[in-house]
Amino acid sequence: MTGGRFSPSPTGPLHLGSLLAATASYLDARSSGATWRLRIDDLDTPRNQPGAEALILETLEYHGLHWDGAVQYQTEHLERYQQALVELAERCFYCRCSRRSLAGQPIYPGTCREHKKPRPDSAVRIRVDATPINFTDLVMGPRREILSTSVGDFIIRRRDGLIAYQLATAVDDGSPDITRVVRGSDLLDNTGRQIFLMQQLGLSVPEYAHIPTLIYPNGQKLSKQHGAPGVDNRIASENLQLVLAALQLSVPVELSGAAPADILDLSLI
């Protein structure tokens, strides 16, 4: 069955920006009768916070955002990612370049491209080329990216051995049951790399819709890195009205303070 997904990282509670993304994805799936999956992106174990997952699930439930099926975890998909590394091996090389040595270089210069054999203390990078990556974002419109001139060869397995975000997300979102990815526009720059990996692996490429992110008055994105507070579940209806307004969906005055499920049902009409 076709569907969408929401994939928070358990590095802290959901804030209003992440609630916006979850609500947009949920409404998009439910409006077409599709499934809506919940995936916890918990691969970056050093950054995971104890109790964060429980807080995330609680917040979604308080706001009437009920997912289909069991919660999925990226740490349960390690075999899939390892298999993807094997399939991509011919395009990969081992890189010891430090962030400091690459500082000020927006495009990877190809320093380690000739290191095809495994060596310790190395990240795994995948070689890209000048083939354009074209897709039409349902919000942002037609997009075109040439990875060799935008980011260059990029990391798919980190030096510490952890699978990199780009590869894990490409493998999971390339699943046949994920047909639409609705997420914040701050993640738009990742899409070209993820589509490239899906194409190399022969996976299905979903449709994408990148919605505008919430911002502070000073122009900063509302995010954990900028100290965004966790969502207050005690005012779930008010929170939903705020994010629906950001999605240009209005809630009638008579439904102000109504149960979250009623507000969401109205938004699906």
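Residue numbers here run from 1 along each chain, matching the order of that chain's written sequence. pLDDT decides what is reported in this predicted model: residues at 70 or higher carry local features, side-chain atom pairs at 80 or more are listed and counted, and totals for whole chains, interfaces and linings draw on all residues regardless. As a convention, hydrogens and water are excluded, and side-chain values are obtained from all of the structure's heavy atoms.

### With respect to the packing of aromatic side chains
So, point 1. Note on aromatic pairs: the rings of Phe, Tyr and Trp (six-membered ring only in Trp) are paired at centre separations within 6.5 Å, and the planes decide the class, stacked below 30 degrees, edge-to-face beyond 60, tilted for the rest. Under the defined criterion, the tally for this structure stands at five aromatic pairs.
So, point 2. Each ring, one from Phe6 and one from Trp36, has its centre 6.4 Å from the other, and the planes form 15 degrees; the classification is stacked. Taken together, the positions of Phe6 in strand 1 (residues 3-6) and Trp36 in strand 2 (residues 35-40) put the pair 30 residues apart, joining distant regions of the chain. Summarising the burial analysis for this pair, Phe6 and Trp36 share the class buried.
So, point 3. The structure contains a cluster of three or more aromatic residues connected by ring pairs, namely Phe6, Tyr26 and Trp36.
So, point 4. Either the NZ atom of lysine or the CZ atom of arginine qualifies as a charge over a ring when it sits within 6 Å of the ring centre and within 35 degrees of the ring normal. The ring of Tyr108 carries Arg125 above its face, with NZ or CZ at 3.9 Å from the centroid. Working definition: helices are DSSP H or I runs of at least four residues, strands are E runs of at least two. Numbering for both runs from the N terminus. With a 1.4 Å probe rolled over the protein chains alone, any residue whose accessible area is under 20% of its type maximum counts as buried; one over 50% counts as exposed, and the rest are partly exposed.

### As for the environment of Leu138
So, point 1. As for its position among the elements, Leu138 is in the loop between strand 6 (133-137) and strand 7 (141-145).
So, point 2. When the C-alpha atoms of Leu138 and Ala209 are compared, they prove to be 4.7 Å apart, with 71 residues separating the residues in sequence.
So, point 3. Here, residues are in contact when the closest pair of their heavy atoms is within 4.5 Å. Aside from chain neighbours lying at most four places away, what touches Leu138 is Arg180, Glu207, Tyr208 and Ala209.

### Quick notes on the environment of Ala130
So, point 1. Assignment of secondary structure puts Ala130 in the loop between strand 5 (123-126) and strand 6.
So, point 2. With a relative accessible area of 52%, Ala130 lands in the exposed category.
So, point 3. Residues Ala130 and Arg193, spaced 63 residues apart in sequence, show a C-alpha to C-alpha distance of 13 Å.
So, point 4. When near neighbours in sequence (up to four residues on either side) are disregarded, Ala130 contacts Ile146 and Ser148.

### Digging into the packing of helix 3 (residues 78-88) against helix 7 (residues 191-201)
So, point 1. Convention adopted: a line fitted to C-alpha atoms gives each axis, helices being fitted over their contacting stretch, and angles between N-to-C directions are expressed from 0 to 180 degrees. Where helix 3 meets helix 7, the closest approach of the two axes is 10 Å, and the angle between their N-to-C directions is 75 degrees. With respect to each other, helix 3 and helix 7 are oriented roughly perpendicular. Here Ala84, Glu87 and Leu88 of helix 3 lie close against helix 7, whose contacting residues are Leu197, Gln200 and Leu201.
So, point 2. Of the residues in the contact of helix 3 with helix 7, the class split is four nonpolar, one polar and one charged. Here the word oblique covers every angle except those under 35 degrees (roughly parallel), over 145 (roughly antiparallel) and from 65 to 115 (roughly perpendicular). Side-chain classes are defined by residue name, with Ala, Val, Leu, Ile, Met, Phe, Trp, Tyr, Cys and Pro counting as nonpolar, Asp, Glu, Lys and Arg as charged, and the others, Gly among them, as polar.

### Examining the pairing of strand 7
So, point 1. Examined bridge by bridge, strand 6 and strand 7 share five bridges and lie antiparallel to one another. Within strand 7, the position partnered with Thr136 by the bridge is Pro142.
So, point 2. One requirement defines pairing of two strands: DSSP has to find at least two bridges between them. Counting the residues that bridge the hairpin from strand 6 to strand 7 gives three residues.

### Here's the deal with the nonpolar core
So, point 1. Put simply, a nonpolar core is a bunch of buried Ala, Val, Leu, Ile, Met, Phe, Trp, Tyr and Cys residues held in one set by side-chain atoms that sit within 4.5 Å of each other. In terms of nonpolar packing, the biggest core is built from 33 residues, with Phe6, Trp36, Leu38, Leu60, Leu65, Trp67 and Val71 touching the most fellow members.
So, point 2. Listing elements by their share of this core, those giving two or more residues are helix 1 (16-31), strand 2, helix 2 (52-62), strand 10 (207-211), helix 8 (236-246) and helix 9 (260-267).
So, point 3. If one sorts the elements of this core by residue count, helix 1 sits on top with eight residues.
So, point 4. Once residues within four sequence positions are removed from consideration, Leu38 is found in contact with Phe6, Pro8, Leu57, Leu60, Trp67, Ala70, Val71 and Gln72.

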